[in-house]
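Each chain is listed here by its residues.
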Amino acid sequence: MKRNTISIITVYCFAIVIMFACNSSNTTDVKTTPEMEEFMNSLDGKYESVTAAIQKFAKTSDLNTADMDMKDLREPIIISAHVNDSTTCYLIKTNDGAKDCQYELCWNNGKIIGIADKTPL
């Protein structure tokens, strides 16, 4: 009887751990700036929209876009974010119609100062 009770408790705990892991895999509680929200809302599946959003928020006109502006990106979600001094970097996942892509966008004072392609190979 004692062994069955321990087994039931173990299975129950394992189920709770799996439930929390599954729930957190596709969501994030990252606080975003209004500029980042506007940028994310611009990714509507047309490369022209991506280009316009980058141009609007780029700190400099010669910002390296990591070819992000050449893709029809849609369905963006923020995977994570980290802050270093006055710079906030967001890792986003989006889809280009054929595969999922990941980009890191670093912001400072409401402007994008860096874009890096972080798509897993």
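In short, a report on the structure. Everything numeric in this text was worked out from a predicted model, so none of it was measured.

## What about the pairing of strand E4 (residues 111-117)?
- Where strand E3 (residues 100-108) and E4 come together, six bridges link them in antiparallel fashion. Each residue of the ladder has a partner; that of Glu-104, found in E4, is Ala-116.
- Remark: two residues form the turn of the hairpin made by E3 and E4, two consecutive strands paired antiparallel; Asn-109 in that turn has positive phi of roughly 55°.

## Here's the deal with the state of the cysteines
- The final tally for this structure, using the stated rule, is one disulfide.
- Across a sulfur-sulfur distance of 2.0 Å, Cys-89 and Cys-106 are joined as a disulfide pair. Linking Cys-89 and Cys-106, the disulfide has an S-S dihedral of approximately 110° and is accordingly described as right-handed. A residue pair is termed long-range when its members are at least 10 positions apart, and Cys-89 in strand E2 (residues 87-95) and Cys-106 in strand E3 qualify at 17 residues.
- Relative accessible area serves as the criterion here: at 12%, Cys-106 is assigned to the buried category.

## Looking at helix H2 (residues 34-42)
- All of the buried residues along H2 are Met-36, Phe-39 and Met-40. An end-on view of H2 places all buried positions within 95° of arc, on one side of the element. In H2, the exposed positions that point more than 90 degrees away from the buried face belong to Pro-34 and Asn-41.
- Packed against the buried residues of H2 are helix H3 (47-57), strand E1 (74-84), E2, E3 and E4.

## Observations concerning unusual backbone geometry
- A positive phi angle, close to 60°, is found at Asp-67, a residue other than glycine.
- Structurally, the position occupied by Asp-67 is in the loop between H3 and E1.

## What to know about H3
- For H3, the full list of buried residues reads Ser-49, Val-50, Ala-53, Ile-54 and Phe-57. Angularly, the buried residues of H3 cover 135° about the axis, an arc narrow enough to put them on a single face.
- Of the surrounding elements, those touching the buried residues of H3 are H2, E3 and E4.

## Focus on the sheet that holds E2
- Reading across the sheet, the four strands line up as E1-E2-E3-E4 and stay open at both edges, with antiparallel pairing between neighbours. The open sheet is flanked by E1 and E4, the only strands paired with a single partner. Across the sheet, the axes of successive neighbouring strands diverge by a mean angle of 25°, strand direction being ignored.
- Of the pairings in the sheet, the one linking E1 to E2 comprises eight bridges and is antiparallel in character. Bridging from a neighbouring strand, Asn-84 pairs with Thr-87 of E2.

How each quantity is defined
Residues numbered from 1 in each chain as written. Predicted model: local features only at pLDDT ≥ 70, side-chain atom pairs only at ≥ 80, totals over all residues. Heavy atoms only, no water. Pairing = 2+ DSSP bridges. Helix = DSSP H or I, 4+ residues; strand = E, 2+ residues; numbered from the N terminus. Disulfide = S-S within 2.5 Å. Buried < 20%, exposed > 50% of the residue type's maximum accessible area, 1.4 Å probe, protein only. Arc of directions from axis to C-beta. Contact = heavy atoms within 4.5 Å. Axes fitted to C-alpha atoms, helices over the stretch in contact; angles between N-to-C directions.

Shape descriptors only; they carry no functional weight alone.
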